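Here is what each chain is made of, one letter per residue.
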Amino acid sequence: IGYYLARITFRRLTDFRRVLILFSPGLLVAGLLVTAESLLQRPFVTMWAESTFGRLPLALGQDARPTLESAIQFRSGLMRASGPFSHPILAGLFLASQLTLYALSGIRGWPRTIGIAASFMAFFTVSSAALLSLMIGLAGIAFEYLTRVARGITWRLALNILIFFLLVIQLTANSG
């Protein structure tokens, strides 16, 4: 359903760019909430939601529900923040995935700056998936730039190099 809805809604690239522009303020708010929670080490969005709507039951049963205090995790001195999302991994992947969208969309001005800045706020989820997504996004952006600047560099070449390095890692690592 999501694919068909997008297919009907986005007829031209400008339609998609308009949606990115409309989403950028909300994306900034989500990124700022994640950053503030991590730096202040208080999950205030979750605390507000629990005080407003009550605690939601988990599939494990009423007695097995962890308290908010026991669910908080720290890595490298930073709290794993989730902000308005249900889990830090979800927050990190959502924010980090916006990097390539905003960087390569052709949007100029404040929406592009806000989108890119909000995507880097995924760092504060302290999620390895988010950090990996940011690194892959930065590598993709750098390689896209190289394909425009230098001749002979193609995506096929990049894929072959990537396969070669993955094969070397697989053959030389203990648990590839």
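Everything here concerns the structure above.
What counts, and where the lines are drawn
- Residues numbered from 1 in each chain as written.
- Predicted model: local features only at pLDDT ≥ 70, side-chain atom pairs only at ≥ 80, totals over all residues.
- Heavy atoms only, no water.
- Helix = DSSP H or I, 4+ residues; strand = E, 2+ residues; numbered from the N terminus.
- Buried < 20%, exposed > 50% of the residue type's maximum accessible area, 1.4 Å probe, protein only.
- Contact = heavy atoms within 4.5 Å.
- Expected span 1.5 Å × (residues − 1).
- Bend = angle between axes of the 7 residues up to and from the residue.
- Core = buried A, V, L, I, M, F, W, Y, C linked by side-chain atoms within 4.5 Å.
- Polar contact = N/O pair within 3.5 Å; in protein donor to acceptor, adjacent residues only side chain to side chain.
- 1 Å grid on protein atoms, 1.4 Å probe; cavity = no way out; pocket = protein on both sides within 12 Å on 5 of 7 lines; lining within 4 Å.
- Points joined across faces, edges and corners; volume = space filled by probe spheres on them.
- Nonpolar A, V, L, I, M, F, W, Y, C, P; charged D, E, K, R; others polar.
- Axes fitted to C-alpha atoms, helices over the stretch in contact; angles between N-to-C directions.
- Parallel < 35°, antiparallel > 145°, perpendicular 65-115°, else oblique.

Draft legend 1. The arrangement of the environment of Ala30 in detail. Relative to the helices and strands, Ala30 is located in helix H2 (residues 13–40). On the basis of relative accessibility, which here comes to 9%, the residue Ala30 falls in the buried class. Sequence-wise, Ala30 and Ala122 are 92 residues apart; in three dimensions their C-alpha atoms are separated by 9.7 Å. Not counting residues within four places of it along the chain, the set of residues in contact with Ala30 comprises Pro84, Phe85 and Leu95.

Draft legend 2. H2, seen in detail. Between the first and last C-alpha of H2 there are 39 Å, a value that for 28 residues agrees with the 40 Å anticipated at 1.5 Å per step. The principal kink in H2, of about 40 degrees, is found at Ser24, preceding the proline Pro25 by one to four residues. All of the buried residues in H2 are Asp15, Leu20, Ser24, Leu27, Ala30, Gly31, Val34, Thr35, Glu37 and Ser38. Elements that come into contact with the buried residues of H2 comprise helix H1 (2–9), helix H3 (44–53), strand E2 (78–79), helix H5 (88–104) and helix H6 (110–120). Just downstream of H2, Gln41 is the residue with a positive phi angle, here 55 degrees.

Draft legend 3. Representation of the nonpolar core within the structure. Counting 20 residues, the largest nonpolar core has Leu27, Val34, Leu95, Ala122 and Leu134 as its most contacted members. Secondary structure elements with two or more residues in this core: H2, E2, H5 and helix H7 (128–149). With five residues, the top contributor of residues to this core is H5. With sequence-adjacent residues up to four places away left out, Ala122 is seen in contact with Gly92, Leu95, Ala96, Ala130 and Leu134.

Draft legend 4. A look at the environment of Thr9. With respect to the helices, strands and loops of the structure, Thr9 is situated in helix H1. By relative accessible area, which is 43% here, Thr9 ends up partly exposed. In terms of polar contacts, Thr9 uses its side chain to reach the backbone carbonyl oxygen of Leu5, at 2.6 Å.

Draft legend 5. Main features of the layout of surface pockets. Estimates place the volume of the second largest pocket at around 230 Å³. Secondary-structure elements contributing two or more residues to the lining of the second largest pocket are H7 and helix H8 (155–172). Broken down by class, the residue content of the lining of the second largest pocket amounts to seven nonpolar, one polar and no charged.

Draft legend 6. Examining the packing of H5 against H7 more closely. Axis separation between H5 and H7 bottoms out at 8 Å; the angle between their running directions is 10 degrees. Taken together, H5 and H7 sit at an angle that is classed as roughly parallel. Residues Ile89, Gly92, Leu93, Ala96, Ser97, Leu99, Thr100, Ala103 and Leu104 of H5 touch H7, and the partners they reach there are Ala129, Ala130, Ser133, Leu134, Gly137, Leu138, Ile141 and Glu144. Classifying every residue of the contact of H5 with H7 by side-chain character gives eleven nonpolar, five polar and one charged.

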